[in-house]
Each structure stands twice: as structure tokens, then as C-alpha cells.
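# Working through the structure, step by step
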Amino acid sequence: MIKPLNLIGQAIAYAAFGAMLGYFSAAPAYVYRDPNMAQIKISFSHAAQRVGECRRLSAEEIAKLAPNMRRPLDCPRGRLPILIELELDNQPLYRGELPPTGLARDGSATIYQRFPVTTGKHHLVARLRDSKRTTGFDYESAADVELAPQQNFVIEFRAETGGFIFK
Amino acid sequence: MTDYVISLRRSGRYAFEWLERGFDAMFGPSWNPFHQLGALGWFFYWIVVVSGLYLFIFFDTGITAAYGSVEYITNVQWYAAGVMRSFHRYASDALVVVMMTHLLREFVMDRYRGPRFFAWITGTPILWFVYASGITGYWLVWDKLAQYVAIATTEWLDSLPIFGQSIARNFLHETTLSNRFFTLMVFIHIAVPLILLFIMWIHIQRHTHPRVNPPIGLAVGVLAMLLVLSLVHPAISQGPANLNTVTAIVNLDWFYLPVYPLLDHIPGALLWAAFGAATLLLLLTPWLPPKRRRPIATVDLENCNGCGRCVADCPFSAVVLGPRTDGKPFTHEAVVNTKLCTSCGICAGACPTATPFRRASELAPGIDLPHVPVRELRERTLAACRALSGEARVIVYGCEAGVSLSCLSAPGVAALPLPCSAALPPAFLDFIITRNYADGVLLTGCCEGDCFYRLGIRWTRERFAGERDPRLRARVPRERIATCWAGITGSASLEQSLHAFRAKLKALAPLERRTPLSSQRLTEQASSND
Ligand code: HEM
Ligand code: SF4
Ligand code: SF4
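What this report covers is the structure whose coordinates are included nearby. Everything numeric here is computed off the predicted structure, so don't read it as measured data.

### A few points about the overall build of chain A
- The helix and strand tally for chain A stands at 2 helices and 11 strands.
- In chain A, the succession of α and β elements from N to C terminus is α-β-β-β-α-β-β-β-β-β-β-β-β.
- Computed over the C-alpha atoms, the radius of gyration of chain A is 28 Å, more than 25% above the 15 Å expected from 2.2 N^0.38 for a compact globule of 167 residues.
- Each principal axis of the C-alpha distribution contributes one length, and for chain A these read about 100 × 50 × 20 Å.
- Put simply, chain A has 167 residues, and 39% of those count as buried.
- Put simply, 60% of the contacts in chain A that link residues at least 6 apart link residues at least 24 apart.
- Put simply, chain A shows about 9,500 Å² of open surface, and 57% of that area lies on carbon and sulfur atoms.
- Placing the 21 positive and 17 negative side-chain charges of chain A at their respective mean positions leaves the two points 8 Å apart.

Put into C-alpha cells, the structure is as follows:
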């Protein structure tokens, strides 16, 4: 026998369960980033130069190789690390050396970093070294940007198109 | 450590029983949602599948069109597809709630150790699959929450050193967004729940009569609740994703995404390690500490005719009928699977040869528990009966998983423990009452609707009602039998029931016995058992 009082109890239990589902399925809000800030994100993969120069093999050396492996040049597979520097309003924002990936250290180096920055006008400089040089950089770009709140400003790099890409 | 686990379980069980008592009052024991958590899990799963299939008709799997199609579902076709979307979301959330409560409850009720480890071990991957289903689901809407989930999840995956390329790079900018990746997510969101279904099916493989459908009253209530919720508070999107901006504030689904905020404070790799460790701990839980196993049921072929009642009643698929091996003119014999037997004794309670009317020397059922054989139960019963005096003499049989029997000490009352209430062959009640060893028998045990050995209370009721073999004979006056399903927190209600039962017995006219026993035969009978 279901008594009216029991039905009321059930209704309350269902309402409480439904309210819990309804509320926590989309609340309370989570503040992931400060809504008054902007963000700079740098992300790309780039293969730095090889560790060493290729060496021309002598005829005897070539003959010694298995027929399907014969080639005129012997190139070391490993790559150099890349060095990245970011500067915002003449203050260092990031500096890092990224190792090549892969077991043989012959893959691209990868970066994925984000930085919260204040909104408004900024002077941004990005530099990258991917060669054996010990001072200076192989690529450098600068830009004056104006960042809006919650803007996601992206820095990419593509050597084929001449270096850094700001979006 | 061991003591800690035991006391944790025990306090948990008190808390659950206390809460469930309240729900019993509202829903009645058979509709009590706490007794139906596994069944509710299945029910919510099916609601999610059906609503998902409907949504898929209108969903556009292209990343740029996905958001628009979900907006159409929500706003234009709000009365059907919109309601389905809300059902899909809220039933998924409810699935998490019942699953977590179910996990906790199985733990505190200690139904995960010994031979019962299997459901626990197969339940653990279910957690991963449920969460993977939910997270990929939020991804597909391609609104601001989806953007947040996509970026946070891929950044988290990137913290694992298994993917050569950064996956988060896919979500760098509007121009890097790829349709292919989105299609992959759609595929995962369909494949993962399908695998989940398969694991859920394996999860209940070792149970006979698994409860996979909630009782109709509960199902209707749940559907009505979801419908009202869907109309009052429909599931909506949070504005289209735009990778040129940062989603600064998101409304998280805290059922599926509670750990995401942690990723802003601790390294992703550490969180993976924590989840890995937690999963490992869950997988080891059934052996922390291991259950001390009691002797398992053994078959005595001399007394087994292969009737199959033990097979029908074993809640854990631990007995099967095998071909006859001893040359007796029966086709089958009972065979116990040592790995599955929980020593509940329900099989002995089902065996037609387990009848106390046979003399002590002959009483050996076809299947029995070696440490608490039916013959010994008969002896203990007779000894207890002999000690009874006064009016309204009652024998109380209590299942060990239920309330403690120590509170019952009155001159006219004797209490005897059983491994499970259904381990008592119904013939014992016939024997005690029709032979006038006592005036009534009371059975107590776990809470109603929630037998520790799953089916003990159900079989007891059906046997007493004459609906299931072995039936309690019609000649046994039912007013001399009482049950009190009290759980471990029910000593007060057990005392009350006993009191009321004895008052009722006192008011009954003396039993007209078919074969009244002279006092001389009574003594003879008793001494023959010594
Ligand atoms: C989608 C999620 C789940 C569903 C639908 C589900 C469903 C079920 C069902 C239907 C039963 C049988 C109940 C009965 O008839 O007695 C059961 C038992 C059980 N489940 Fe789950 N389950 C889920 C998740 C889990 C999880 C995550 C765990 C723990 C890690 C777990 C542990 C257990 C245990 C220990 C039992 C009892 C086994 C026994 O009585 O011997 N389940 N589950
Ligand atoms: S003791 Fe219980 S689990 Fe073991 S065979 Fe008998 S009924 Fe099955
Ligand atoms: S119930 Fe008894 S007689 Fe029937 S198959 Fe099982 S052990 Fe044999």
C-alpha cells in the first residue's frame, strides 16, 4: 500500500535528486583564466640542423655497404636542440632550450607554452636558434600588438615561410 | 591497516543502513533506490543510448556545423530533440551518481572479496569508460565548454610521453582546427559506450538473476523526474567555441569534470600517476585484506538425485549439473565450482534431502556446508527447543550477515545463527511447529530487498509462499511463522517484531497436530538425537 505521505516523500527525494543533477551539471562556474587578461601561446615543431656535416664516402666504403644501403654521403642523424627566447616589452618572457625528439634524437623539437599577459599594447620579440652558433639567433621577429581581454595570441614558427608567424 | 579497513566498512554500513531505512519508509523496500543501484545504472545507461541515437539523427559531425546542429536540437526542436538532449546529459550525470554510490555501497557491505572479487575487478574499468564517454560527449557540442575540455584534455594527454606530436596543437587556433580530429572524437564517443556495455555485461556474469532492470515504480519515477528536469532546466550550450579567445570562465559539469580544475595546480603527469595508482589500489582492494575463506559446499552423491534445485538457487552460479559419475540411475549430479562458492549454504537449504524429519544418523543432504552441516543444525535446533519453556516458545533463526542475535535472551526464546536465511531448509519450520518443539519460528537477517547473499530473502519468501521448491508444506500454519528483515542496525525492530509475534502466538488457539506426539515420544525423539 502506498500512502499519500510516502508519495510526498518520494516526490521530495526525486526533486532533490533532479535538482542536484540540474545544478551540478553546469554550475558552479569555474574561473579558468582571469577574464581581464589575454594569453600568448607559443606552439610549433621544428627540426633543427643536424649535429654534424655530411661526409662523402670513399668508393671502398660504399662497396662494403649492403647493396640496398649504398649511398654517397654518410650523415649523422642527430639534430641540435633549438633555443627559443620571447621578450615582452623588453622584459624576458621565456627562454628555453628544446631537445630534439625521437630515440635517435633526430626528430623535431616541440614547444607548447602559454603565458597570461595584461591587455593593451605590447612590444613582442621572438627569437630562435637552430644551428651550431653559440651567440645570436637564426630567426628573429618583432611586432607591436594590442591584446584584448581573453584574446588568445598565437606564435607559430615555420622555417619554410621565413620564421615566426604571429596570429 | 586491516582493522582500519574493517572499521571503515562497518561505519559505512551503519551510515548506509540508517539512510536506507529512511528511504524504505518513503519507497518501500522493493523500490528503495539504494537496493537498485546496479539496476539503475543499467537503466540510465539505456536512457543515454536511446536519447543519444535520437540526437545523432540531427547532429552534424563536421566541426563547424556541430554547434549549429546542437543549437537546432536545443532551440528549434526543443520539445523532442531538446528534451532528448537533456535526457542524454542528465541520465549520464545520474549514471555517475548511482555508479559511485554503488561502488561505495558494495565496499561497505563487503560484497567484493573472496569469490566475489570478480564484479569488483570488472567494475574498475567501467569507471574509466564512463568518464571517457562523458568527456568525449561534452567535446562534440563544440561550444565554449567543449573548447575548454578539448584544450585541457589534450594538454593533459600531452603530459604523457606516448604521443610523439602534441595533440593540443590541433586546438591552437581556428586555422589549425581539423575536421578529421573531430570525426575521431565522434567515433570515440560511440565506440567507448559500446565497449562499456560489453564490460557491464561481463560485470554481472557471475550472478544468477542479476538485477539489471529497476522495478517499474522506480523506473517510472526516474523517467518522470528526468522529464520534469528537462523541461524546467533544459541542457544548453555555452556559446560557440572560438579558438582565437581563451575560455576564461566555464560552467563545468562537476559529475564528469571535477578533476579538470586540478590540472591548473598540479602537473598533468602527476595526475595521471595518481589515477593509475588509484586504479591499481581499486584492483587490489579485494585482497586488502583477503577474505578468510570458509569451507565451500560439498556434494554427497549418495544423497544427490540431480534434481537441480541447488543449481537454480545458488546466487553465484557456483553449482552446475554435470553428468552422473557414480553409476546411480540418475542422469545428472550437482558439481560445485570451488572458485565461485561463497559458502552461503543456500544450496543446502534448497536440497530436498535436507529434511530434519530424517533421523539424525540419516540426515545428510545432497549438498551441504562441511563446517555447518544440516545435521548439526538439526541437533542445535532440538537442543535449543528443549531448553525453551513457558508460553509462546519461539526459535529465532538469524543470518550471520544481519542483526546480532545476542539481544534475544528470554526464557521462551532461543536464537540460532545461519550463514544465510535461505540456508534453512523449509522443512525445519514444518518439523519444529508440527512436532510442537516450539510455538513459532522467526527468521531474521539482512535488510529487506538487500540480502548479503543477493537472493536469500527472495528464495525464503518464495519457498514459504509455496512458489518455489522446496516449498513449505501447506499444513504449516503461516501465523506461526514470522520474518523480520532488520539488517545490522535493526536490533530494536527485531525485538519489537519478536515481542509482537509472541503476543500473537499467545493469543492463538493451541495447534491441532496431525500426529500429536506423546510426551514419551517427545523424549524418545530428543534422546535419539543426542
Ligand atoms: C555503469 C556502472 C555499473 C553498473 C551498471 C553496475 C551494475 C551492477 C549490477 C546489475 C550488479 C548486480 C546486482 C545484483 O543483482 O545483485 C552489480 C554488482 C556489483 N558491482 Fe556493479 N555496476 C557498475 C559499476 C561498478 C563499479 C564501478 C564497481 C566497483 C569497482 C562495481 C562493483 C560491484 C560489486 C562488488 C557487485 C556485487 C557483486 C556481488 O554481489 O557479489 N560495480 N553491479
Ligand atoms: S554455498 Fe552458496 S555459493 Fe556455494 S554452491 Fe551453495 S548456494 Fe552456491
Ligand atoms: S538440490 Fe540436492 S539432490 Fe538436487 S541436485 Fe542439488 S544436491 Fe542434488
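### What about the environment of I63 of chain B?
Residue and element names in this part refer to chain B.
- By the element assignment, I63 lies in helix α3 (residues 63–76).
- Distance in space between the C-alpha atoms of I63 and F182 is 6.1 Å, their sequence separation being 119 residues.
- Among residues more than four places away in sequence, those in contact with I63 are W142, L177, N179 and F182.

### Thoughts on the interface of chain B and chain A
- Contacts between chain B and chain A engage 46 residues on the former and 37 residues on the latter.
- Between chain B and chain A the total buried area reaches about 3,600 Å² when both faces are included, carbon and sulfur atoms providing 62% of it.
- Among the residues chain B hides against chain A, the three largest losses belong to L172, V246 and A248 of chain B. Together they make up 17% of the total.
- Between K41 of chain A and E155 of chain B there is a salt bridge whose closest N-O contact spans 4.0 Å.
- Counting across the interface, chain B meets chain A through 19 residue pairs in polar contact (both at pLDDT 80 or more).
- Secondary structure elements with two or more residues in the side of chain B that touches chain A: α1 (2–27), α4 (78–108), α6 (144–158), α8 (216–232) and β1 (249–251) of chain B.
- Examining the composition of the side of chain B that touches chain A, we find that 6 residues originate from one element, α8 of chain B, more than from any other.

### Focus on the site of ligand 2
- In the vicinity of ligand 2, 13 residues are found, and the nearest of them are C314, C341, C344, G345 and C347 of chain B.
- Per-class residue counts for the shell around ligand 2 are 10 nonpolar, 3 polar and no charged.

### Observations regarding helix α1 (residues 4–24) of chain A
- Here α1 of chain A is 21 residues long and its end C-alpha atoms lie 30 Å apart, about the 30 Å a rise of 1.5 Å per residue gives.
- Three or more residues of α1 of chain A are buried, namely N6, G9, Q10, A13, Y14, F17, G18, L21 and G22 of chain A.

### Some remarks on the packing of helix α5 (residues 117–140) of chain B against helix α7 (residues 179–203) of chain B
Residue and element names in this part refer to chain B.
- At a closest axis distance of 8 Å, the pairing of α5 and α7 adopts a crossing angle of 155 degrees. Taken together, α5 and α7 sit at an angle that is classed as roughly antiparallel. Crossing of α5 against α7: the hand is left-handed.

### A word on empty space enclosed by the protein
All names here are of chain B.
- Considering all chains together, one arrives at 5 cavities of 30 Å³ or more under this definition.
- Its volume calculated, the largest cavity comes out at about 100 Å³.
- Lining the largest cavity are R113, P115, R116, K291, R292, R293, R294, C341, T342, S343, F452 and Y453.
- When the residues that make up the lining of the largest cavity are grouped by side-chain class, the tally is 4 nonpolar, 2 polar and 6 charged.
- When residues of the lining of the largest cavity are assigned to domains, at least three map to each of domain 1 (38–284) and domain 2 (293–351 + 362–371).

### Some remarks on the sheet that holds strand β9 (residues 481–485) of chain B
Residue and element names in this part refer to chain B.
- Read across the open sheet, the 4 strands follow the order β7-β6-β8-β9; overall the sheet is parallel. The open sheet terminates on both sides in strands that have one partner only, identified here as β7 (413–418) and β9. Averaged over all neighbouring strand pairs, the angle between strand axes comes to 20 degrees, with direction disregarded.
- Pairing between strand β6 (residues 394–399) and strand β8 (residues 440–445): 5 bridges, direction parallel. Opposite Y397, over in β8, you have L443 as the bridge partner.
- Its contacts with the sheet place helix α12 (residues 374–386) against β6 and β7, and it is angled at close to 165 degrees to β7.

### Side note on the nonpolar core
- F44, W142 and Y148 of chain B are the most contacted members of the largest nonpolar core, which has 86 residues in total.
- Apart from residues lying up to four places away in sequence, Y148 of chain B is in contact with Y30 and Y32 of chain A together with T247, V250, L252, Y260 and P261 of chain B.
- Counting 58 residues, the second-largest nonpolar core is a separate cluster that includes A334, A384, V476 and I481 of chain B.

What counts and what doesn't
- Residues numbered from 1 in each chain as written.
- Chains lettered and ligands numbered in written order.
- Predicted model: local features only at pLDDT ≥ 70, side-chain atom pairs only at ≥ 80, totals over all residues.
- Heavy atoms only, no water.
- Helix = DSSP H or I, 4+ residues; strand = E, 2+ residues; numbered from the N terminus.
- Rg over C-alpha atoms; globule rule 2.2 N^0.38 Å.
- Buried < 20%, exposed > 50% of the residue type's maximum accessible area, 1.4 Å probe, protein only.
- Contact = heavy atoms within 4.5 Å.
- Areas by Shrake-Rupley, 256 points an atom, 1.4 Å probe, with all protein chains shown as cover.
- Lys, Arg positive; Asp, Glu negative; His and termini not counted.
- Charge placed at Lys NZ, Arg CZ, Asp CG, Glu CD.
- Buried area = accessible area lost by both parts, 1.4 Å probe.
- Salt bridge = Lys/Arg side-chain N within 4 Å of Asp/Glu carboxyl O.
- Polar contact = N/O pair within 3.5 Å; in protein donor to acceptor, adjacent residues only side chain to side chain.
- Near = heavy atom within 4 Å.
- Nonpolar A, V, L, I, M, F, W, Y, C, P; charged D, E, K, R; others polar.
- Expected span 1.5 Å × (residues − 1).
- Axes fitted to C-alpha atoms, helices over the stretch in contact; angles between N-to-C directions.
- Parallel < 35°, antiparallel > 145°, perpendicular 65-115°, else oblique.
- Left-handed = near helix turned anticlockwise from the far one by under 90°.
- 1 Å grid on protein atoms, 1.4 Å probe; cavity = no way out; pocket = protein on both sides within 12 Å on 5 of 7 lines; lining within 4 Å.
- Points joined across faces, edges and corners; volume = space filled by probe spheres on them.
- Domains from an automatic or database assignment.
- Pairing = 2+ DSSP bridges.
- Core = buried A, V, L, I, M, F, W, Y, C linked by side-chain atoms within 4.5 Å.

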